[in-house]
Amino acid sequence: MRYRIVLRRRFKTGAFFEGILPVISIVAALLFSGGALLLFGVSPLAAYRAMFRGALGSGYGLSEVIVKAIPLVISGVAVALAFRMKVWNIGAEGQIYLGALASAAAVRFLPSDSQVVMLLTMTVAAIIAGGAWGYVAGFLKSRWNVNEVITTLMLNYVGIHLADYFIYGPWRDPSSLGFPMTPPFPPSARLPLFFGTRVHLGILAAVLLVLLFRLVIRWTRWGFEIRAIGDNPRAAEYAGINYGRNVVLLMFISGAIAGLAGMTEIAGLQGRLQPGFSPGYGYTAIIVAWLARLNPWGIMMVSFFMGVLLVGGDTIQVIMRLPLASVQVIQGCILFSVLGFEFFRNYRVLLLRRERG
Amino acid sequence: MVSVGPVPLVSMRGIEKTFVGVKANSDVDLDLERGEVHTLLGENGAGKSTLMNILSGLYTVDSGAIVINGEPRVFRSPRDAIRAGIGMVHQHFMLVPTLSVWENVALGLEDQPFLLDKGRVIERVGDIQKRYGIHVDPLAPVWQLSIGEQQRVAIIKTLYRSADILILDEPTSVLTPQETRALFRTIRQITAEGHGVIFISHKLDEVMDISDRITVLRKGKKVATVNVKDVTKESLAEMMVGRRVVFQIGKTLQNPGRVILEARELVVRGDRGRVRVDHFSLDVRQREILGLAGVSGNGQEELCDALAGIRKTEKGSVRVDGYELVGKSTREFQKRGISYIPADRIGTGLVTGMNLRENIALRKYWRKEFTRFRFFIHWENIAGRTGQLVERYSVVNPGLGFPAKMLSGGNLQKLMLARELSDDPRVVIAVQPTWGLDVSATLFVRETLLEQRDKGAGVLLVSDDLEEILSLSDRIAVIHNGRLMGIVEDPDSVTEEQMGLMMAGTRLEEFSNPVGEGSDGQGKEVSPSL
Amino acid sequence: MDLLIPIMAAAVRSGTPILYATLGEILTERSGVQNLGLEGLMLMGAFSGFSVTYTTGNPWLGVLTAFFVGVAISAVHAFLSVSVGANQVVSGLAVTMFGTGASSLLGRKMIGLTVKGFGKVPVPFLSDIPVAGPVLFDHDPLVYISYGLVLLLLWFIFRTRHGLNLRAVGESPVVVDAMGLSAVRLRYFYTMIGGGMAAVGGAYLSLAYTKMWGEGMSAGRGWIAVALVIFAVWHPARAVLGAYLFGGVGAMQLRIQAAGTSFPTPIMMMMPYLFTILVLLVISVKKGKGILIDAPGALGVPYSREDRT
């Protein structure tokens, strides 16, 4: 062969490249998962067409995409923040549930007729509960180096079952006719909606958090410390940055933000606490964060895209009778694809002429 | 005994190898005869390691020929080289620390049965030990062995595989003078048995001692192949660098001032929990360079980490100008004027993924002039400072916003020096500051340290390069197993031999003084300064 | 004592799927790769084993299929982890997501169906020994195979030359390469085998433990296996202890629920997960005191031989 393939390490990538690579990997993923769908007996073309039309084809569809994107942005920020320090918070799902649980508790035990007061109470409760859930894993990691992937994941299951306990048990709405759920929230416990859509005030929280995330990471001392620890914990120690304290603080805040996502879901969208109210937002948030390369603007864009995927998923569920699981498959494929294409981020592939020797 | 037969053991001709636009080897020739110790000499980056990695099969040549014992060979993998009888002892030993000695020897053997035959391996290792005079416990786990012993395991590994050609890559950088002599004895025994040895080094004294022939490389090209009888240290150095080399640095005498850094009875634990610094006491004065000599791995790094405040001091005290620092934060250590240049440039001292500005910020961002509104970093000020420092220290870089990993070793070190030495520190702790640097960068670093000393700082210089310690220090302390072996007040009064003994564990007081000065004839303590 | 025997026997049965997954992951992690996709692999193993058994009537064919499905999916993870050098935590999560989704998608038509699967095969003579008999030797064949697997791995890892290579590549892949072996190939191999074993553990669930298929039927066992690898300190013998301990917790949970106590179901369901955290905590505290050995030195760190062109 006259040519040979050479791999050369890349040191820096431009903004254009950073932006286009995820897009390419998503397109590749859609192709790949289209193939998977074919294998599983589904026509990918029909599926994709139905998905995109359902999500983007109408004003209603668009608003639904935003509705789905809100918790993704918020929990995406939570996850990305932790990931920046290479602390793998896989527990966003459980933290979401805890946040929702605490908000529901606030409604039940500290009711108020004033919307401002009620929502504030719910927010504080959600933040503290979600934060506490994250704090546990953070504390265990900082003190005894307990693997946070497993602890946060286990706490997911615990959190979900905990919520189940209250929903099926003491907080159950007696008039709900066999469907387990809490009584509907009073109007004061609801987030205001926009223009007759289901888009709620949570969108403000989402945008604010993205801005805050960027601000903290780029401009604050703490943001710098997070980045330093994430890149090189030994050097960070040398710089005088306290690892243990930062892990605990980070996990608390990450959990708190995820808890907030839970609160906005039930206060904004659902109006009551039901089992399984989160269709895996905490896990999807991980994909969002990774796809967005832990970048605040990326999180917004990817969350929107995921919203499209989820609304589209609802659509094909109804139209084509496909279970939500197919969306999960697509998500898995997207993640594979993104990981695979990261290769091109690290290496340049060159075709060189083999020299005569 | 060098026997020049009709066919050399190894013959490399016209070797070319390019990496990422850099020509590591350019038309290089090398011969090795039976029974010969052939040294490959050159600065860092001259291409020695590359050439040997080609010979050992780790790299493939771009062009050129390799002939072993008259047979042309192509090495596509280390296995091909091993089969051809080539055994390489790398600078960083290729040993698995958690496995035992015999398991490391047995790893990857070609004719191993499916079931590990421990008895046979140990027996054969015993034969090798007897034949070549190398001693190591085959059952010991490697991580428990001293560096010298680990090196012996690496050598046994190659001999076990019937290596005819041994390549030793900078083997003496981790040994005391005594261990070096033991190694040289082993090498001579190996060549006496008819093997050939390629010795890679940049230490001219040793090269003159052990070599039969020397090939000098510079910037990827071969400069010359000479007989050791026909050259001097100076002529070799000139060949290595391309111009006349001045060996002595202009070191002016200084009057040391008061004690600026005082460490008393320090006890510090290492990463695995064992005590690495054992009741160590030290004084560093203003306007002096105190050299800390010792074989690496004897607690120097843990000691310096503790003195710089990044490792916990279990017992003892560390005072700067009388102010007690033990138990305080790293930042407090910095605020009191201690700057630290750690040995591990990219592992500890710098964050390679961050750009130059951010790396400068790493140890400065909490200072008032770089903070805005208490929680925010003042990036403009940092950028300005970085620009100043980069210019003053001539750090060659592609741009301040580019990641630090793009810098060469020498420039990374300069960046660290720029950061650490720019705030008029009172104490400078420098660990292995010239490791891996070429001659001009090394000179720059040494001059900078002297400059700091002249400006009034107290410098603690830690190095396993005895030459460096002897030439730069005003006083020398020796550490062994975390303990202070002694402080030599006048570096000119001590021999390398004595230094080596101290580095290996003999206390200064234990030296008998042949002239009788300082001892009262009744076996009482000899005065600690020789 | 009589009360304890059925519980212990149940502990063995309940712990067997986790044991398969844990043993597999021990191999994978000893080679230096972290595969967090065990949950997805178990589900895919459970489904594929079930569906093949349902269609062919042969549970052994089902187990074999499950194994190869696990190998195939782990190959993707191996590719991303070893060749691409991607983040292994995220890649493992992707395997879990994909496996969970794919198994639900494919298995949607098979929910509630049953197979004959593996029946109990008491070992002659051995099953009559008091206590040890009913606890250890009165189970289905896959349990016995798991015993054999533990012994096989013990022997393999510590007594054979390939086991030596395995131990070496997880600590210092660069040394392994320098000796002329291929660290890359070793890692691919053990990641794929480990994944296959996890899938077999999943097949056990659908073919022997319950003999039916249900969405998400592994209920987090894959994650528990990941924790158990740490608890077992990467040693097959200790993995047995951990797996059966878990099995015991699971068996107790079922019994307490069946006994109809007033203990609310969701609280009971939390137990295995809380227990996992506890186990991990105990091990980590002990490790902090320097009592036990460490993880394979190069675990989770991508290895690249950058110089080969």
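Reading the values: the criteria
Residues numbered from 1 in each chain as written. Chains lettered and ligands numbered in written order. Predicted model: local features only at pLDDT ≥ 70, side-chain atom pairs only at ≥ 80, totals over all residues. Helix = DSSP H or I, 4+ residues; strand = E, 2+ residues; numbered from the N terminus. Rg over C-alpha atoms; globule rule 2.2 N^0.38 Å. Buried ≥ 20, exposed ≤ 12 C-beta atoms within 10 Å, placed from the backbone. Contact = placed C-beta atoms within 7 Å. Nonpolar A, V, L, I, M, F, W, Y, C, P; charged D, E, K, R; others polar. Pairing = 2+ DSSP bridges. Axes fitted to C-alpha atoms, helices over the stretch in contact; angles between N-to-C directions. Parallel < 35°, antiparallel > 145°, perpendicular 65-115°, else oblique. Left-handed = near helix turned anticlockwise from the far one by under 90°. Core = buried A, V, L, I, M, F, W, Y, C linked by C-beta atoms within 7 Å. Domains from an automatic or database assignment. pLDDT = per-residue confidence, 0-100.

What follows is about the overall build of chain B. When helices and strands are tallied, chain B shows 17 helices and 22 strands. A compact globule built from 530 residues would reach a C-alpha radius of gyration of about 24 Å, and chain B, at 25 Å, matches this within 12%. Principal-axis analysis of the C-alpha atoms gives chain B an extent of 70 × 65 × 50 Å. A total of 530 residues make up chain B; the buried ones form 48% of that total. Relative to all contacts within chain B whose residues are 6 or more apart in sequence, the contacts with residues 24 or more apart total 67%.

Our focus in this paragraph is helix 9 (residues 300–308) of chain B. The α-helix advances 3.6 residues per turn, and as a result positions three or four apart in sequence lie on the same side. Burial within helix 9 of chain B is extensive, with nine of its nine residues counted as buried. Gly 309 of chain B, located one to two residues past helix 9 of chain B, shows a positive phi value of around 85°.

Turning to the interface of chain C and chain B, a few remarks are in order. Listed by partner, the interface residues are 16 residues for chain C and 22 residues for chain B. For the side of chain C that touches chain B, the elements supplying multiple residues, two or more each, are helix 7 (161–171) and helix 8 (173–178) of chain C. With five residues, helix 7 of chain C is the single largest residue contributor to the side of chain C that touches chain B. Classifying every residue of the side of chain C that touches chain B by side-chain character gives six nonpolar, five polar and five charged.

We now examine the interface of chain A and chain C. With 40 residues of chain A at the interface, the matching set in chain C holds 41 residues. Broken down by secondary-structure element, the contributors of at least two residues to the side of chain A that touches chain C are strand 1 (3–9), helix 5 (115–144), helix 6 (148–168), helix 11 (281–291) and helix 13 (325–346) of chain A. Within the side of chain A that touches chain C, the residues separate by chemical class into 26 nonpolar, 11 polar and three charged.

Turning our eyes to something else, we now look at the pairing of strand 12 (residues 275–285) of chain B. Residue and element names in this part refer to chain B. Here strand 11 (residues 259–269) pairs with strand 12 via eight bridges, running antiparallel. Its bridge partner lying in strand 12, Glu 262 is registered against Asp 283. Taking the residues between adjacent antiparallel strands as the criterion, strand 11 and strand 12 are bridged by five residues, where Gly 273 takes a positive phi near 100°.

Time to look at the environment of Arg 120 of chain B. In this structure, Arg 120 of chain B sits in helix 4 (residues 118–132). On a C-alpha basis, the gap between Arg 120 of chain B and Lys 312 of chain B in space is 47 Å, while along the polypeptide they are 192 residues apart.

This brings us to the sheet that holds strand 2 (residues 22–32) of chain B. All names here are of chain B. With respect to topology, four strands assemble into an open sheet ordered 2-1-4-5, the strand pairing being antiparallel. The sheet terminates laterally at strand 2 and strand 5 (71–73), the two strands that pair on one side only. Across the sheet, the axes of successive neighbouring strands diverge by a mean angle of 25°, strand direction being ignored. Sheet analysis places strand 1 (residues 10–19) next to strand 2, joined by seven bridges and oriented antiparallel. Residue Val 10 lies in a different strand from strand 2, and its bridge partner there is Leu 32.

Another aspect to go through is the packing of helix 7 (residues 202–219) of chain A against helix 10 (residues 243–270) of chain A. If you want to describe how two helices pack, look at the angle between their axes and the distance between the axes. Residue and element names in this part refer to chain A. Direction vectors running N to C along helix 7 and helix 10 enclose 160°, while the axes themselves pass 10 Å from each other. The pairing of helix 7 with helix 10 is recorded here as roughly antiparallel in orientation. At the point where helix 7 passes helix 10, the crossing takes the left-handed sense. Across the interface between the two elements, Gly 202, Ala 205 and Leu 209 from helix 7 touch Ile 257, Leu 260, Thr 264 and Gly 268 from helix 10. In the contact of helix 7 with helix 10, the residues fall into four nonpolar, three polar and no charged.

Grouped together as the largest cluster of nonpolar side chains are 366 residues, with contacts concentrated most on Ile 74, Val 77 and Ala 289 of chain A together with Ile 429 of chain B. Ranked by the residues each element gives to this core, the list is headed by helix 3 (residues 59–84) of chain A, at 15 residues. Excluding residues within four positions of it along the chain, Ile 74 of chain A makes contact with Ala 205, Ala 206, Leu 209, Ile 257, Leu 260, Ala 261 and Thr 264 of chain A.

Moving on, we come to the domain arrangement of chain B. Residue and element names in this part refer to chain B. Domains assigned within chain B are domain 1 (10–241), domain 2 (248–337 + 423–530) and domain 3 (350–422). With centres defined by C-alpha atoms, the gap from domain 2 to domain 3 works out at 28 Å. Elements with a contribution of two residues or more to the side of domain 2 that touches domain 3: helix 10 (330–335) and helix 15 (439–455). Across the side of domain 2 that touches domain 3, the residue classes tally to six nonpolar, four polar and three charged.

As a further point, take the confidence of the model for chain C. All names here are of chain C. Residues with a pLDDT of 70 or more make up 95% of chain C, whose mean pLDDT is 89. Of all secondary-structure elements in chain C, the lowest mean pLDDT belongs to helix 5 (residues 132–136), at 84, while helix 9 (residues 183–209) reaches the highest, 96. Interface confidence in the predicted complex, given as ipTM, is 0.85; pTM for the same model is 0.86.

Moving on, we get to the sheet that holds strand 20 (residues 458–463) of chain B. Backbone-to-backbone hydrogen bonds pair the strands of a sheet. The strands run either parallel or antiparallel. Residue and element names in this part refer to chain B. Read across the open sheet, the six strands follow the order 16-19-20-13-21-22; overall the sheet is mixed. One side of each edge strand has no neighbouring strand; the edge strands of this open sheet are strand 16 (338–341) and strand 22 (483–488). Each neighbouring strand pair of the sheet contributes to a mean axis angle of 20°, computed without reference to strand direction. Inspection of the sheet shows strand 16 paired to strand 19 (residues 427–431) by four bridges, in the parallel sense. Bridging from a neighbouring strand, Ile 338 pairs with Val 427 of strand 19. Across the sheet, helix 9 lies against strand 13 (288–293), strand 16, strand 19, strand 20 and strand 21 (475–480), angled at about 155° from strand 19, the strand it touches most. Here helix 15 sits on the sheet in contact with strand 13, strand 19 and strand 20, set at roughly 150° to strand 20.

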